[in-house]
Amino acid sequence: MEPHTADGAAIEFRDVSYLLPAGQQILSHLNLQVLRGETLILLGRSGSGKTTTLKLVNRLLSPSSGEVCVNGFSIKNGDVIRLRRGLGYVIQDVGLFPHFNVERNIALVPRLEGWPEERVQGRVRELLELVGLEEHIASRYPHQLSGGQRQRVGVARALAADPAILLMDEPFGALDPLTRDELQREFLALQRRLSKTVVFVTHDLREALRLGSRIALLEAGRVVTVLSPPEFLRSQNPLAAAYARAFANGPNSAAY
Ligand SMILES: Nc1ncnc2c1ncn2[C@@H]1O[C@H](COP(=O)(O)OP(=O)(O)OP(=O)(O)O)[C@@H](O)[C@H]1O
Ligand SMILES: [Mg+2]
């Protein structure tokens, strides 16, 4: 089968809707492209459908209608294991396994893929360094880590098998402003080095402006508009303008 996605799109939503079994519409006619190597932000208030959108990419959920394509192919009928191998997922509220120590959490996917143990160990060390954690952290359990450390482990785990695409669901959500700032800076440095395709969920416009190449604004399960950060700040779209106003007026542009 020939790929039928526009050139350069790593992920494409084609008229995707998602309804709950009881019929409630969560996403309506989503049309969205994520270009290769870009960081596309999904910005929207709580309940607007951001997490649902991400879950459609790794097939934790399936569209009620429409199609999701990854690397040019509809993911509907493909092998889900193979699909997920190419995707790193940083889950909202981290989602580390509490009964696994840091090392086992990070090494999860490489071990599932049958990497030789030496290579797994090397990769874990490399990743800890990459996300700014000391090696002795490896033997700790998630409850023995600070929130910021847990977030870093979550990012390391998502990067473990070097996926081309990263899905990040509010990865820096529940952090103090300084730690958050630090992780955002490190994300930018990492992104310059690794050039992944990233879909990054946030409800914080400051974070969106800082990290995103484009921002898709979601409201009530619809994409309102997709804009670059400078376009977003100039936008006449009422919702984008409301975000920009709140951002300009807020003392430290507090989270939305
Ligand atoms: N399994 C479910 N059963 C019922 N409602 C659901 C279910 N999953 C999601 N929803 C509803 O779908 C809507 C979108 O949820 P989603 O988790 O995608 O929002 P979100 O934008 O990620 O919000 P947040 O910023 O709070 O994480 C919400 O109204 C939510 O209550
Ligand atoms: Mg969410």
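A brief report on the enclosed structure follows. This structure is a prediction, so every number in the text was calculated from the model and none was measured.

**Some points on the overall build of the protein chain**
For the protein chain, the count of helices and strands is nine helices and ten strands. Along the three orthogonal principal directions, the C-alpha set of the protein chain runs to about 55 × 50 × 35 Å. Per-residue burial over the protein chain gives 38% buried out of 256 residues.

**Quick look at the environment of Arg185**
Topologically, Arg185 is positioned in helix H6 (residues 177-194). For Arg185, a count of 12 C-beta atoms within 10 Å gives the class exposed.

**Structural notes on the packing of helix H3 (residues 102-112) against helix H5 (residues 147-159)**
Relative orientation of the contacting elements H3 and H5 amounts to 25°, with a least axis distance of 7 Å. Between H3 and H5, the crossing angle belongs to the class labelled roughly parallel. Crossing handedness for the pair H3 and H5: right-handed. Contacts between H3 and H5 involve Val102, Asn105, Ile106 and Leu108 from the first element and Val153, Ala156 and Arg157 from the second. When the residues that make up the contact of H3 with H5 are grouped by side-chain class, the tally is five nonpolar, one polar and one charged.

**Let's talk about helix H1 (residues 50-57)**
Across the eight residues that make up H1, a large majority, six, are buried. Those residues of H1 lying buried are Lys50, Thr51, Thr53, Leu54, Leu56 and Val57. Positioned one or two residues after H1, Arg59 has a phi angle of 65°, which is positive.

**Quick look at the environment of Leu96**
Position of Leu96 among the secondary structure elements: in the loop between strand S6 (87-90) and H3. Note: C-alpha distance between Leu96 and Ile106 (ten residues apart in sequence) is 9.1 Å.

**Section: the environment of Ala246**
Position of Ala246 relative to the elements: it lies in helix H9 (residues 238-249). Using a count of 13 C-beta atoms within 10 Å as the deciding quantity, one classes Ala246 as partly exposed. Sequence-wise, Ala246 and Leu205 are 41 residues apart; in three dimensions their C-alpha atoms are separated by 9.3 Å.

**Here we look at the nonpolar core**
Leu167, Val199 and Ala216 are the most contacted members of the largest nonpolar core, which has 65 residues in total. Here this core takes six residues from strand S1 (residues 9-19), the largest share from any one element. Once residues within four sequence positions are removed from consideration, Val199 is found in contact with Ile11, Val34, Leu40, Leu42, Leu54, Val57 and Leu167.

**A look at the packing of H3 against helix H4 (residues 117-130)**
Look at H3 against H4: their axes get within 10 Å of each other, and the N-to-C directions meet at 130°. Put simply, H3 runs oblique to H4. Every pair of crossing elements has a handedness; the one defined by H3 and H4 is right-handed. Residues Glu103, Ile106, Ala107, Pro110 and Arg111 of H3 form the contact with H4, whose own contacting residues are Val120, Arg123, Val124 and Leu127. Each residue belonging to the contact of H3 with H4 can be placed in one class, and the counts come to six nonpolar, no polar and three charged.

**Let's talk about the sheet that holds strand S9 (residues 214-219)**
Across the sheet, which stays open at both edges, the six strands sit in the order S6-S7-S8-S3-S9-S10 with mixed pairing between neighbours. For this open sheet the edge positions go to S6 and strand S10 (222-227), each flanked by a neighbour on one side alone. Taking each pair of neighbouring strands and ignoring which way they run, the sheet shows an average axis angle of 15°. Summarising the sheet, S9 and S10 pair through five bridges and their orientation is antiparallel. Each residue of the ladder has a partner; that of Leu218, found in S10, is Val223.

Basis of the calculations
Residues numbered from 1 in each chain as written. Chains lettered and ligands numbered in written order. Predicted model: local features only at pLDDT ≥ 70, side-chain atom pairs only at ≥ 80, totals over all residues. Helix = DSSP H or I, 4+ residues; strand = E, 2+ residues; numbered from the N terminus. Buried ≥ 20, exposed ≤ 12 C-beta atoms within 10 Å, placed from the backbone. Axes fitted to C-alpha atoms, helices over the stretch in contact; angles between N-to-C directions. Parallel < 35°, antiparallel > 145°, perpendicular 65-115°, else oblique. Left-handed = near helix turned anticlockwise from the far one by under 90°. Contact = placed C-beta atoms within 7 Å. Nonpolar A, V, L, I, M, F, W, Y, C, P; charged D, E, K, R; others polar. Core = buried A, V, L, I, M, F, W, Y, C linked by C-beta atoms within 7 Å. Pairing = 2+ DSSP bridges.

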